[in-house]
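For reference, the chains in residue letters:
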Amino acid sequence: MCICERVRECEVRSVIRAGARCEDSVGQACGAGTGCGSCIDRIYDLIDEENADTLVSMGA
């Protein structure tokens, strides 16, 4: 997922599930998106996906 910092998608999903809600907080938690920035769009997508999954599981 993030080649510069060697972060896998599952790691990004984990930090989002743990409370990261923006690309900056993901970067602080695992380093993804802090290098060249080419994975930022994917990070945004994962944040949206994980938030949607959370809302569905909460019955919203």
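The structure this text deals with has already been given above.
To keep things clear, this report deals only with the structure shown in the data block.

The rules behind these values
- Residues numbered from 1 in each chain as written.
- Predicted model: local features only at pLDDT ≥ 70, side-chain atom pairs only at ≥ 80, totals over all residues.
- Heavy atoms only, no water.
- Helix = DSSP H or I, 4+ residues; strand = E, 2+ residues; numbered from the N terminus.
- Rg over C-alpha atoms; globule rule 2.2 N^0.38 Å.
- Buried < 20%, exposed > 50% of the residue type's maximum accessible area, 1.4 Å probe, protein only.
- Areas by Shrake-Rupley, 256 points an atom, 1.4 Å probe, with all protein chains shown as cover.
- Lys, Arg positive; Asp, Glu negative; His and termini not counted.
- Charge placed at Lys NZ, Arg CZ, Asp CG, Glu CD.
- Axes fitted to C-alpha atoms, helices over the stretch in contact; angles between N-to-C directions.
- Parallel < 35°, antiparallel > 145°, perpendicular 65-115°, else oblique.
- Left-handed = near helix turned anticlockwise from the far one by under 90°.
- Contact = heavy atoms within 4.5 Å.
- Nonpolar A, V, L, I, M, F, W, Y, C, P; charged D, E, K, R; others polar.
- Salt bridge = Lys/Arg side-chain N within 4 Å of Asp/Glu carboxyl O.
- Core = buried A, V, L, I, M, F, W, Y, C linked by side-chain atoms within 4.5 Å.

### Things to note about the overall build of the chain
- A tally of helices and strands in the chain yields three helices and zero strands.
- Expected size for 60 residues packed as a compact globule is a radius of gyration near 10 Å; at 11 Å, the chain falls within 12% of this value.
- Taking the principal axes of its C-alpha atoms as reference, the chain extends roughly 35 × 20 × 15 Å.
- Across the 60 residues of the chain, 30% fall into the buried class.
- With an accessible surface of roughly 3800 Å², the chain has 49% of that area assigned to carbon and sulfur atoms.
- If you average the places of the 6 positive and of the 11 negative side-chain charges in the chain, the two averages end up 7 Å apart.

### Observations concerning the packing of helix 1 (residues 9–17) against helix 2 (residues 23–30)
- Interaxial distance between helix 1 and helix 2 falls to 10 Å at its minimum, and their mutual angle equals 115 degrees. Taken together, helix 1 and helix 2 sit at an angle that is classed as roughly perpendicular. In terms of crossing hand, the pair formed by helix 1 and helix 2 is right-handed. Where helix 1 abuts helix 2, its residues Val12, Val15 and Ile16 lie against Val26, Ala29 and Cys30.
- Residues belonging to the contact of helix 1 with helix 2 are distributed by class as follows: six nonpolar, no polar and no charged.

### Some thoughts on the pattern of salt bridges
- Counting across every chain of the model gives seven salt bridges.
- When the shortest N-O distance is used, the salt bridge between Glu9 and Arg42 registers 3.2 Å. Within this pair, whereas Glu9 is found in helix 1, its partner Arg42 is found in helix 3 (residues 40–57), the two being separated by 33 residues in sequence.
- Residue Arg42 is classed as partly exposed on the basis of its relative accessible area, which comes to 30%.
- Put simply, Glu49 and Arg42 hold a salt bridge, and the shortest N to O gap is 3.3 Å.

### Regarding unusual backbone geometry
- Although it is not a glycine, Arg6 adopts a positive phi angle of roughly 55 degrees.
- Checked against the element boundaries, Arg6 lands in the segment before helix 1.

### Quick notes on the nonpolar core
- Residues Val12, Ile16, Val26, Ala32 and Ile43 are the most contacted members of the largest nonpolar core, which totals 13 residues.
- Residue assignment for this core shows that the elements contributing at least two residues are helix 1 and helix 3.
- A total of four residues in this core trace back to one element, the largest contributor, which is helix 3.
- Residues contacting Val26, with those up to four places away along its chain left out, are Val12, Val15, Ile16, Ala20, Gly31, Ala32, Ile43 and Ile47.

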